[in-house]
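Understanding the architecture of this molecule
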Amino acid sequence: AGKGATIFIAGEAGIGKTRLVSELFNFAISQNTQIISCRCLLESLEPLMPIKSALREAGLLHLISGDPPPLLVSAYLTNEAGLPIAKTERKELGLDPDIFASMLTAVGSFVRDSMRLVEQDERSGGLNILGYKEYKILIEESGGLNLATVIKGSMSEFLVGDMKAALADINASFGDVLKGWDGDLSKVAGIKPLISRLISSG
């Protein structure tokens, strides 16, 4: 009925409590209900352990972890050659997007080449995160585009999801233009709002 409730199931050992809960979960899942579960362990001394494990399973541990949520400071979109396409900043940082993009491309190439030497393997993929003090640079790649965000605070799976969604929208709307892009920013002016929403959405 859309109203919360707490239900305690009690009984002697072996009576079927676990089976009853398992069947209830199976029914709820069949109705497209999200299940978040945890267990209490008699020997555990960690405070709020069942709540923490339940939130961790749901990807929501940051709600009680005490870490500050991420504050997105800026975002930069480049192509695979490191050419800046668009940027958005919460405030003017004085960070040159050309130099920033070149630095990320160079560092990413160094890390990729170094890891290939270590692993003796030709794997695809690239740099995902850099950190300095309370700042982090998160990088997502898709369709030959790199979206780098500078954040303060802890990482968030929601932010990473938003970055992936922005890249998907950019590829869907501008993929053909960007394939043979000659560096003319007027051809890709409509991209900026797609990355600016990472900041403006809150």
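The structure this text deals with has already been given above.
Computed from a predicted structure; not experimentally measured. (Residues numbered from 1 in each chain as written. Predicted model: local features only at pLDDT ≥ 70, side-chain atom pairs only at ≥ 80, totals over all residues. Heavy atoms only, no water.)

1. Some details on the environment of E134
With respect to the secondary-structure elements, E134 resides in the loop between β3 (129-132) and β4 (135-142). By relative accessible area, which is 37% here, E134 ends up partly exposed. Note: C-alpha distance between E134 and G153 (19 residues apart in sequence) is 6.2 Å. (Helix = DSSP H or I, 4+ residues; strand = E, 2+ residues; numbered from the N terminus. Buried < 20%, exposed > 50% of the residue type's maximum accessible area, 1.4 Å probe, protein only.)

2. Quick word on the sheet that holds β4
Whenever strands of a sheet pair, they do so through backbone hydrogen bonds, lying parallel or antiparallel. Taken together, 5 strands build an open sheet; the order of strands is β2-β1-β5-β4-β3 and the sheet is antiparallel. Since the sheet does not close on itself, it has two edges, and those belong to β2 (84-89) and β3, each with one partner. The sheet shows a mean angle of 15 degrees between the axes of neighbouring strands, taken without regard to direction. As judged from the 5 bridges shared by strand β1 (residues 71-79) and β2, these two strands associate in the antiparallel manner. Counted as the bridge partner of S74 is E89 from β2. Where helix α4 (residues 157-179) meets the sheet, it contacts β1, β2, β4 and β5 (145-152), and its direction lies at approximately 45 degrees from that of β4. Seen against the sheet, helix α5 (residues 192-200) touches β1, β2 and β5 and runs at an angle of roughly 30 degrees to β2. (Pairing = 2+ DSSP bridges. Axes fitted to C-alpha atoms, helices over the stretch in contact; angles between N-to-C directions. Contact = heavy atoms within 4.5 Å.)

3. Examining the side chain of E89
Position of E89 among the secondary structure elements: in strand β2. Only 2.9 Å separates the side chain of E89 from the side chain of Y76, close enough to count as a polar contact. (Polar contact = N/O pair within 3.5 Å; in protein donor to acceptor, adjacent residues only side chain to side chain.)

Fair warning: the whole summary comes from geometry, so function is off the table for now.
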